[in-house]
Amino acid sequence: MTHNQNRSTIIRIAIVFFALILISKLFYLQVISDKYAEKAASLSIRAVIEFPDRGLITDRNNEIIVFNEDAHDLVVHFPFNKKEFDLDEFCRLVRFSKNEVEERLANARSSRYNGKGLFIKNLSATEFARIQEGLFQFPQFSIESRSDRKYKHNIAAHTLGYVAEISRRELERDKKEYYDIGENIGKSGLERHYEELLRGVKGKKYYLKDNTGKLKERYENGKNDTKAAVGKQLMTSLDVLIQEYGEKLMAGKTGSVVAIEPSTGEILAMVTSPGYKPDMFAIKNLGKNYSKLASDPEKPLLNRATSSVYPPGSTFKVAMALIALQEEVITPNTRFSCSNGFHLGGLTVRCHSHASMPNVQYSIQTSCNAFYCNAYREILHQDKFKTIEEGYNNWRGYLVRMGLGSTLGTDISSEKPGNVPNAAYFHRIHGENKWNYARIISMSIGQGELLLSPMQMANMSAMVANRGYYYTPHFIRGENIPNDFTEKHETGIDAKHFTTVIDGMRAVMTNGTGAYVQIPGIEICGKTGTAQNPHGENHSIFIAFAPKDNPKIAIATVVENAGYGATWAAPICTLMIEKYINRDSVSQRPALENKMFTSAITDKTKHE
Amino acid sequence: MSEKIYGQSRVDGITLLLYFVLVIFGFLAIYSSSHGTEQFHLDFSTQYGKQIIWIAVSVVVGAALFLIDVRFFEVFSYAFFGFWMLLLFLVIFFGVEVNGARSWFAIGSFRLQPAEFAKFGVALALSRYVSDIDTDMKSLRYQLITAAIIMTPIALIVLQGDAGSGLVFFSFILVLYREGLSGNVLILGIAAVIIAVLTFNFGFVVLVAALVILAGIITAFIYTNTSMLKWVWILALTCIGYSKGVDFAFNHLLQEHQQKRILVMLGLLDDPQGLGYNVNQSKIAIGSGGFWGKGYLQGTQTKGDFVPEQHTDFIFTSIGEEFGWVGSTVVIVVFVLLFMRISMLAERQRSKFSRVYAYCVLSVLFFHFLINIAMTINLAPVIGIPLPFFSYGGSSLISFTALLFLLLRLDANRENELDSYY
């Protein structure tokens, strides 16, 4: 029988062999592959989300601007078990036809994320009450509550930004996997920049569910649950008073106003016009307003204060004067001749009528072009420079240190850099070092290739107010300000040169181009600008700060296609300053104020 | 267990111990899958409560076997066989339909599945016949009678519409192998399975083309050896004929749900919502158990009733989820120890009847064990057969217990046997 006993051995080996196959396959399923654990969790565990209130946003005086109200969504959880689902009863509850329910289920399924799909967004109060009452019969559905934004002061839309449902792309970029479909996220402005601070941390309670989707006991007795943390309040540097006032002043005009507290870099107001009210982008209104505003030819969504760039025009002479003084190519007493302009061969830069042979202070007061054409030559063609490139780069370095021609790095993301070309640009046009000051002379009076955003102009004004340095303009205020905003940016221009230039800016207001808008009792220093615009009427520009000593506010205004700086931008700037310094008292210039409130500037050429 | 002496030998304690380990492990799994709470309380309306009754009945039945004369089963083995075949036949007409198969008798709330007990009858009849002094396994007549003993219940069970339970009886081939059936038969069987799988995978036409080309290539190499050539072509034609048979059987004899089942198992059809649903849920439950398992009564899939038929055919998922790979391996190892022990008991029998019977027990238990666990992890098609000593249900537990305990009874009596049957 040895033959057959061998067979018993073969049988035993076969048994062990098959058992090893089972054990190996189990090892693969249970230990090596982790997809089954994930699938099991998605089938049997449901996280019930507790949404914290989003942080409030206040102005610099703790006045609330943005707060919350509740909004409710009906969501459906997948996988969806149709066997347990009473369609007729559900149709009665949500008051949809069967087709509509099927369609919404299909949509929710195709757009589901983490097993959850949106069935009805933003239930009305009556829908919420009715559906909540009957929902216990449909364990695969649940109501999730979120909050929507409300505005106590319906202002500063571009600064505040808005909150809306997270997009698929944002979900994919969310590497920490914090967000779920249907949840809200700050989309622009401060709501986006300070999203993590404002949103808080949502809480999760994990429940077991059965194969019908019914919730059972807490998963692992709540061991993995997380507590919700309320969003932090964001204090901004905005001053509701002048922000609101600025929006009224700019009504009917195209352009922007930026006001900065020079000693801190805090932005007091940022107005852009035409604009929109922030509550138009509250979640419940967003759908009906967004596409309308986005396709509006007036471009109300564009933040002109940071995203539009203009030639600074004569306001740039302030920077030019400072550079010339620092380079010691002029002294406060240096005079250049001006015979109704600057003449060099066939080249003429025209000038307004004023007494000839101005010094630097008088050149600012009267906005003399010829003075700066001459000063530019002196700055660029000093003996110490071997090439025009060296001279040009030296000049350009001052502008870069003043924060011109590159993004400043504020805490809203819509900044455009503007343009201060580098030497290579002119090498390309004119040939390597085959150019001189005459070729680029229009930049000396803030024209030509030079382009700055209103924010950069306001920042330049703040730099002058500070006598030589600035802080990156920003909106966050209070404690825990990022270091970027407390770091002093030095321009390398000595404080003594500012005395001369500021005296010139003061003279603008007392005897010069801005005399018409001076305010008794406030020592404003300003500079007008009228930027030539190849597409239409000139842009009206004004920069200013006040008071002269210990300045509290620095400001820049651009009114597009409005003509002279003194006519529109200067009144608006000075009214803003008056409001900020005198607070609630009535303007001393009611007629001017009223004119600004009510005038609309429409210029057809700008749309061409 | 206390030592009971029958004649000069006694009940094999090791087998008994392994049996109780498996039954207790099985009860724990049923308790978990039928929503047992951490505070045990006895409730006979629950599945685990009923299972306690079935365990008690099984032990009583098993013990009762020791009261019956050991010669009884051998003498009446054909009668047993006849009795269960009759029931298998009658159930086709008088049974109640469950899940598309008419394989249960229902008397009041009591239900009985004769297919479970028929294994017992076949085991006895086969043991008797194969051990008969006159049986010569090499003669065609005896081979046909042996085949008839195995094929009769299969035919009857297939007629009930429960092909899965019928497959179990093929496991008796293992017994025949031990008793001298040519190993070529097993190789032939395996080759048959491979050709069938290839037919499903590539279709009959492609298979024919492949075989003809293969035979053609071989012909080109050995065209001088005409006698070998003849055999090559006979073999090829046989394969083609067989493949056609499989093709025909698949398309015309099997019902649609059986066809689908085969295709899903072979990975030719993906169907996580329908037929593959059970297996998918089963794999998720087992796979999510990890190395150590989620802990007893902590299985999320078990608690949430995600695996259909979990307490019966898919009871292993509860082990896999809550006790992890370690627990699953322990269960498999205990089963393997039991099989080794049974094979040892078989080889120490002096009576051929007892030895053949022991191999019958081994074959039936091993087949159930292998196919049941394999189907929960998608290594075998889902055929509704229980995991011995684990799955909920009286019919299967009582019949497996009786099957095993009769072996213990025979083994305990082995010293009294003469070697006359050798």
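The rules behind each value
- Residues numbered from 1 in each chain as written.
- Chains lettered and ligands numbered in written order.
- Predicted model: local features only at pLDDT ≥ 70, side-chain atom pairs only at ≥ 80, totals over all residues.
- Heavy atoms only, no water.
- Helix = DSSP H or I, 4+ residues; strand = E, 2+ residues; numbered from the N terminus.
- Rg over C-alpha atoms; globule rule 2.2 N^0.38 Å.
- Buried < 20%, exposed > 50% of the residue type's maximum accessible area, 1.4 Å probe, protein only.
- Contact = heavy atoms within 4.5 Å.
- Areas by Shrake-Rupley, 256 points an atom, 1.4 Å probe, with all protein chains shown as cover.
- Lys, Arg positive; Asp, Glu negative; His and termini not counted.
- Charge placed at Lys NZ, Arg CZ, Asp CG, Glu CD.
- Polar contact = N/O pair within 3.5 Å; in protein donor to acceptor, adjacent residues only side chain to side chain.
- Buried area = accessible area lost by both parts, 1.4 Å probe.
- Salt bridge = Lys/Arg side-chain N within 4 Å of Asp/Glu carboxyl O.
- Nonpolar A, V, L, I, M, F, W, Y, C, P; charged D, E, K, R; others polar.
- pLDDT = per-residue confidence, 0-100.
- Core = buried A, V, L, I, M, F, W, Y, C linked by side-chain atoms within 4.5 Å.
- Domains from an automatic or database assignment.
- Pairing = 2+ DSSP bridges.
- Axes fitted to C-alpha atoms, helices over the stretch in contact; angles between N-to-C directions.
- Parallel < 35°, antiparallel > 145°, perpendicular 65-115°, else oblique.
- Patch = residues over 30% accessible without salt bridge, like charges linked within 9 Å, V, L, I, M, F, W, Y side chains within 5 Å.
- Phe/Tyr/Trp six-rings, centres within 6.5 Å; stacked < 30°, edge-to-face > 60°.
- Lys NZ or Arg CZ within 6 Å of the ring centre and 35° of its normal.

Structural notes on the overall build of chain A
So, point 1. What chain A contains, in helices and strands, is 21 helices and 19 strands.
So, point 2. The C-alpha radius of gyration of chain A comes to 33 Å, more than 25% above the 25 Å expected for a compact globule of 608 residues.
So, point 3. Principal-axis analysis of the C-alpha atoms places the extent of chain A at approximately 130 × 70 × 45 Å.
So, point 4. With 608 residues in all, chain A has 55% of them scored as buried.
So, point 5. Restricting the contact set of chain A to residue pairs at least 6 apart, pairs at least 24 apart contribute 70%.
So, point 6. Of the accessible surface of chain A, which amounts to about 26,500 Å², a share of 49% is contributed by carbon and sulfur atoms.
So, point 7. Of the charged side chains in chain A, 75 are positive and 67 negative, and the gap between their average positions amounts to 3 Å.

Structural notes on the environment of Tyr296(B)
All names here are of chain B.
So, point 1. Relative to the helices and strands, Tyr-296 resides in the loop between α13 (276-287) and α14 (300-303).
So, point 2. Leave out the neighbours within four places in its chain, and Tyr-296 touches Leu-28, Tyr-31, Ser-32, Glu-322 and Phe-323.
So, point 3. For Tyr-296, the side chain forms a polar contact with the main-chain oxygen of Leu-28, separated by 2.6 Å.

Considering the interface of chain A and chain B
So, point 1. The interface is formed by 34 residues belonging to chain A together with 50 residues belonging to chain B.
So, point 2. Among the residues of chain A in contact with chain B, Arg7(A), Leu22(A) and Gln30(A) are the three that bury the most area, contributing 19% of the side total.
So, point 3. Taken together, the links from chain A to chain B amount to 1 salt bridge.
So, point 4. In this structure, Lys303(B) and Glu217(A) form a salt bridge, with 2.8 Å as the shortest nitrogen-oxygen distance.
So, point 5. Here chain A and chain B share 14 residue pairs in polar contact (both at pLDDT 80 or more) between them.
So, point 6. Among the elements of the structure, α1 (2-32), α2 (35-44), β8 (203-209) and β9 (215-218) of chain A are those that each provide at least two residues to the side of chain A that touches chain B.
So, point 7. The element contributing the most residues to the side of chain A that touches chain B is α1(A), with 20 residues.
So, point 8. A per-class count over the side of chain A that touches chain B returns 20 nonpolar, 6 polar and 8 charged.

What about the confidence of the model for chain B?
Atom-level detail of predicted coordinates should not be read off regions where pLDDT is low.
Residue and element names in this part refer to chain B.
So, point 1. With 94% of its residues at a pLDDT of 70 or more, chain B has an overall mean of 87.
So, point 2. The secondary structure element of chain B with the lowest average pLDDT is strand β1 (residues 5-6), at 46, and the one with the highest is helix α15 (residues 316-347), at 96.
So, point 3. Contacts from residues 1-6, a stretch scored under 50 in pLDDT, to residues over four places away or in other chains number 10 contacts.

Brief notes about the nonpolar core
So, point 1. By size, the foremost hydrophobic cluster in this structure holds 126 residues, and its most contacted members are Tyr392(A), Trp395(A), Val464(A) and Met576(A).
So, point 2. Taken domain by domain, this core gets at least three of its residues from each of domain 1 (69-227) and domain 2 (240-287 + 302-607) of chain A.
So, point 3. Val122(B), Ile154(B), Ile383(B) and Phe400(B) belong to the second-largest nonpolar core, a separate cluster that totals 121 residues.

Side note on the pairing of β9(A)
Residue and element names in this part refer to chain A.
So, point 1. Where β8 meets β9, 2 bridges bridge the pair, whose relative direction is antiparallel. Paired with Tyr-207 across the bridge in β9 is Arg-218.
So, point 2. As consecutive antiparallel partners, β8 and β9 are separated by 5 residues, and within that stretch Gly-213 has a phi angle of approximately 95°, a positive value.

Re the domain arrangement of chain B
All names here are of chain B.
So, point 1. By the assigned domains, chain B splits into domain 1 (5-181 + 255-416) and domain 2 (182-254).
So, point 2. Its C-alpha centre places domain 1 at a distance of 34 Å from the equivalent point of domain 2.
So, point 3. Taken together, the 12 residues of domain 1 in the interface contact 11 residues of domain 2.
So, point 4. A combined buried area of about 980 Å² lies between domain 1 and domain 2, and 74% of that area is made up of carbon and sulfur atoms.
So, point 5. Counting every contact that joins domain 1 to domain 2 gives 0 residue pairs in polar contact (both at pLDDT 80 or more).
So, point 6. Elements supplying a minimum of two residues to the side of domain 1 that touches domain 2: α8 (173-178) and α12 (256-265).
So, point 7. The leading source of residues in the side of domain 1 that touches domain 2 is α12, at 5 residues.
So, point 8. By residue class, the composition of the side of domain 1 that touches domain 2 is 7 nonpolar, 4 polar and 1 charged.

Details of the sheet that holds strand β18 (residues 539-546) of chain A
Whether parallel or antiparallel, the strands of a sheet pair through hydrogen bonds between backbone atoms.
Residue and element names in this part refer to chain A.
So, point 1. Read from one edge to the other, the open sheet built from 5 strands follows the order β12-β11-β19-β18-β17, with strand pairing classed as antiparallel. The open sheet terminates on both sides in strands that have one partner only, identified here as β12 (266-273) and β17 (525-531). Each adjacent strand pair in this sheet contributes to an overall mean axis angle of 10°, direction not counted.
So, point 2. Sheet analysis places β17 next to β18, joined by 7 bridges and oriented antiparallel.

Things to note about the side chain of His77(A)
Residue and element names in this part refer to chain A.
So, point 1. Residue position: His-77 is located in strand β3 (residues 64-77).
So, point 2. Here Arg-46 takes part through its side chain, which lies 3.4 Å from a polar atom of the side chain of His-77.
So, point 3. The residues touching His-77, leaving out its near neighbours within four places in the chain, are Arg-46, Gly-115, Lys-116, Gln-140, Phe-141 and Ser-142.

Digging into the packing of helix α5 (residues 114-131) of chain B against helix α17 (residues 394-412) of chain B
Residue and element names in this part refer to chain B.
So, point 1. Axis separation between α5 and α17 bottoms out at 8 Å; the angle between their running directions is 20°. Classed by the angle they form, the pair α5 and α17 counts as roughly parallel. Taking contact as the criterion, the partners of Glu-116, Phe-117, Lys-119, Phe-120, Ala-123 and Leu-124 in α5 are, on α17, Ser-395, Ser-396, Ile-398, Ser-399, Phe-400, Ala-402, Leu-403 and Leu-406.
So, point 2. Residues that form the contact of α5 with α17 fall into these classes: 9 nonpolar, 3 polar and 2 charged.

Observations regarding a positive patch on the surface
Residue and element names in this part refer to chain A.
So, point 1. A grouping of Arg-169, Arg-173, Lys-175 and Arg-192 is seen on the molecular surface, where their side chains present a positively charged patch.
So, point 2. One can find Arg-173 in helix α7 (residues 168-173).
So, point 3. Among the residues examined, Arg-173 registers a relative accessible area of 55% and is labelled exposed.

Examining the sheet that holds strand β5 (residues 110-112) of chain B
Residue and element names in this part refer to chain B.
So, point 1. As summarised here, the arrangement of the 3 strands in space is β3-β4-β5, forming an open sheet in which the pairing is antiparallel. The open sheet has two edge strands, β3 (96-98) and β5, and neither has a second partner. Direction aside, the axes of adjacent strands within the sheet are offset by 45° on average.
So, point 2. Summarising the sheet, strand β4 (residues 101-107) and β5 pair through 3 bridges and their orientation is antiparallel. What sits directly across from Ile-107, in β5, is Phe-110.

Describing the packing of aromatic side chains
So, point 1. Using the criterion set out here, one finds 58 aromatic pairs over all chains in the structure.
So, point 2. Taken together, the aromatic side chains of Phe17(A), Phe18(A), Phe25(B), Tyr296(B), Phe323(B), Phe335(B), Phe339(B), Phe366(B), Phe369(B) and Phe390(B) make up a single cluster linked through ring pairs.
So, point 3. Its end group placed over the ring of Tyr245(A), Lys579(A) keeps NZ or CZ at 4.9 Å from the ring centre.

Concerning unusual backbone geometry
The phi angle of most residues is negative, glycine excepted, and most peptide bonds adopt the trans form.
So, point 1. The omega torsion of the bond from Phe78(A) to Pro79(A) falls at 0°, within 30 degrees of zero and hence cis.
So, point 2. In this model, Ser273(A) is joined to Pro274(A) through a cis peptide bond whose omega is -5°.
So, point 3. For Pro274(A), the location among the structural elements is in the loop between β12 and α11 (283-294).
So, point 4. Notably, Asn340(A) is not glycine yet its phi reads approximately 50°, a positive angle.
So, point 5. Looking at the secondary structure, you find Asn340(A) in the loop between α13 (317-326) and β13 (341-344).
So, point 6. Non-glycine residue Asp305(B) carries a positive phi angle of around 55°.

Considering the domain arrangement of chain A
All names here are of chain A.
So, point 1. Domain annotation for chain A reports domain 1 (69-227) and domain 2 (240-287 + 302-607).
So, point 2. Taking only C-alpha atoms, the centre of domain 1 and the centre of domain 2 are 48 Å apart.
So, point 3. If you look at the interface, domain 1 gives 26 residues, while domain 2 gives 25 residues.
So, point 4. Looking only at domain 1, the three residues that lose the most surface to domain 2 are Asn-154, Ile-155 and His-158, adding up to 29% of its buried area.

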